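Given next are the chains, with one letter for each unit.
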Amino acid sequence: MGLDQCLNFDDFQKLARQRLPSPIYNYIAGGADDEVTLRQNTESFASVDLVPNVLRGVETVDLTTNVLGQRLALPIYLSPTALQRLFHHKGEYATAAAAEKFGTMFGCSSLGTVSMEELAKKHKTPQVYQFYFHKDRGLNTAMMQKAKESGINVMMLTVDSITGGNRERDLRTGFTIPFRLTAAGLAQFAIKPRWGIDYVRSEKFSLPQLDSHIKMKGNTLTIGRYFTEMLDPSMTWDDVEAMKEEWGGTFCLKGIMSVADARRAADIGCHGIVLSNHGGRQLDGSRTGFDQLDEIVQTVGERLDVLVDGGFRRGTHVLKALALGAKAVGLGRYYLFALAAAGQQGVERALAQMKAELERDMRLMGCTKISELNRDMLRFR
């Protein structure tokens, strides 16, 4: 299977599975516990139908949108995700370049494998810094200061990951950073030599957002241990408000799900929230961001920007969220499988397909611009 045969999300996922050692593939693909929420994220779109209008004169379609103080050419952005240079040796270099080409926003993770400073210097496209709140308050301050010095304008604090989810696929393969694999996991790397050759020939793997602040002392750091041992489960709204004031710029909370929390975020002056269950990787059985979207937009949509992620695979999925009032939709696995399949070319192909779907579907809905989408164009089953 080649890149030119990839026509949708499932195709990119199949090609990524062919090219990745299974421990890495399963790290991307997997969720928490029984993966109920992981599946529901995409299945929930089927419960809402689009009701198109016709004869509206839709020769041209404008997909631009304003979100978190940024002007985007598309109503989608590349969500911040960890460890991208494990999926493809170019990692965030490829992701950021593709985002810039399509005029949209991308996120740099605290567990990113390319420094936010380097990416900010190289690309003009908006960059969001996705931040985890650590027990060490001095570390939090130092990392925020580094982000300011790098020219980052938008801080996105993740609030749904004060401890790691139970990701059993990773436990079975022994997936850690650095690698500490089971015998079965090692065998999977042996049968995918191309990945290993690219990994060895590329720059040394690192976590630059953390490396200058955290000494691992040669210990193996599992993703679960990072969440469990270094992040602060005692974080409260007071901590968030203090961090927002210390940051002093555009501030967004990622992982909000309840109406009460959305209202609290607006009350303390957050500029945006992302409705998210972390791609089904944290609390299994939790509700999807899309299913919560309508209620939360109606409650706080006039006070802050409401974004959403989780399970978006089609242009019609995105249009349903926009019709409910989302300012933009975050893509995760959608572009990660494309990255794993073919690097920057893969991400660009995936974004081009999403853009084409959005333009076609907007015409079929009878809309020439995002603001024309509204709740009256939807019916809930």
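Throughout what follows, the structure given in this document is the object of discussion. (Residues numbered from 1 in each chain as written. Predicted model: local features only at pLDDT ≥ 70, side-chain atom pairs only at ≥ 80, totals over all residues. Heavy atoms only, no water.)

**Topic: the overall build of the protein**
- If you tally the helices and strands in the protein, you get 17 helices and 12 strands.
- Viewed in the frame of its principal axes, the protein has a C-alpha envelope of about 65 × 50 × 40 Å.
- Counting all 381 residues of the protein, 57% fall into the buried class.
- Counted over contacts in the protein with a minimum sequence separation of 6, partners at least 24 positions apart contribute 74%.
- Roughly 16,100 Å² of accessible area belongs to the protein as shown, and the carbon and sulfur atoms make up 48% of that amount.
- Distance between charge centroids for the protein: 5 Å, based on 47 positive and 44 negative side chains. (Helix = DSSP H or I, 4+ residues; strand = E, 2+ residues; numbered from the N terminus. Buried < 20%, exposed > 50% of the residue type's maximum accessible area, 1.4 Å probe, protein only. Contact = heavy atoms within 4.5 Å. Areas by Shrake-Rupley, 256 points an atom, 1.4 Å probe, with all protein chains shown as cover. Lys, Arg positive; Asp, Glu negative; His and termini not counted. Charge placed at Lys NZ, Arg CZ, Asp CG, Glu CD.)

**Quick look at the pattern of salt bridges**
- Applying the stated criterion across every chain yields a total of 15 salt bridges.
- Among the ionic pairs, R85 bridges to E203, the shortest N-O distance being 3.9 Å. Note that R85 is positioned in helix α4 (residues 84-87) and E203 in the loop between α10 (193-201) and α11 (208-211), a separation of 118 residues in sequence.
- We classify R85 as buried; its relative accessible area is 4%.
- For R303, the salt bridge identified is with D267, shortest N-O distance 2.7 Å. Here R303, found in the loop between α15 (289-300) and β10 (305-309), pairs with D267, found in helix α14 (residues 259-267); they are 36 residues apart in sequence, far enough to count as distant.
- Salt bridges sharing partners connect three or more residues here, namely E117, K121 and K146. (Salt bridge = Lys/Arg side-chain N within 4 Å of Asp/Glu carboxyl O.)

**A word on the pairing of strand β6 (residues 127-131)**
- Within β6, five of the five residues are buried, leaving the element largely enclosed by the surrounding structure.
- Because side chains alternate across β6, one face comprises the buried residues Q127, Y129 and F131, and the other comprises V128 and Q130, equally buried.
- In the sheet, strand β5 (residues 106-109) pairs with β6 via four bridges, with the strands oriented parallel. By the bridge assignment, C108 is partnered in β6 with Y129.
- A crossover links β5 with its parallel partner β6, the connecting element being helix α6 (residues 116-122), and its sense is right-handed.
- Alignment of β6 against strand β7 (residues 154-158), held across four bridges, turns out to be parallel. Its bridge partner being in β7, Q130 is matched across the sheet by M156. (Pairing = 2+ DSSP bridges. Right-handed = clockwise from strand over helix to strand, strands pointing away.)

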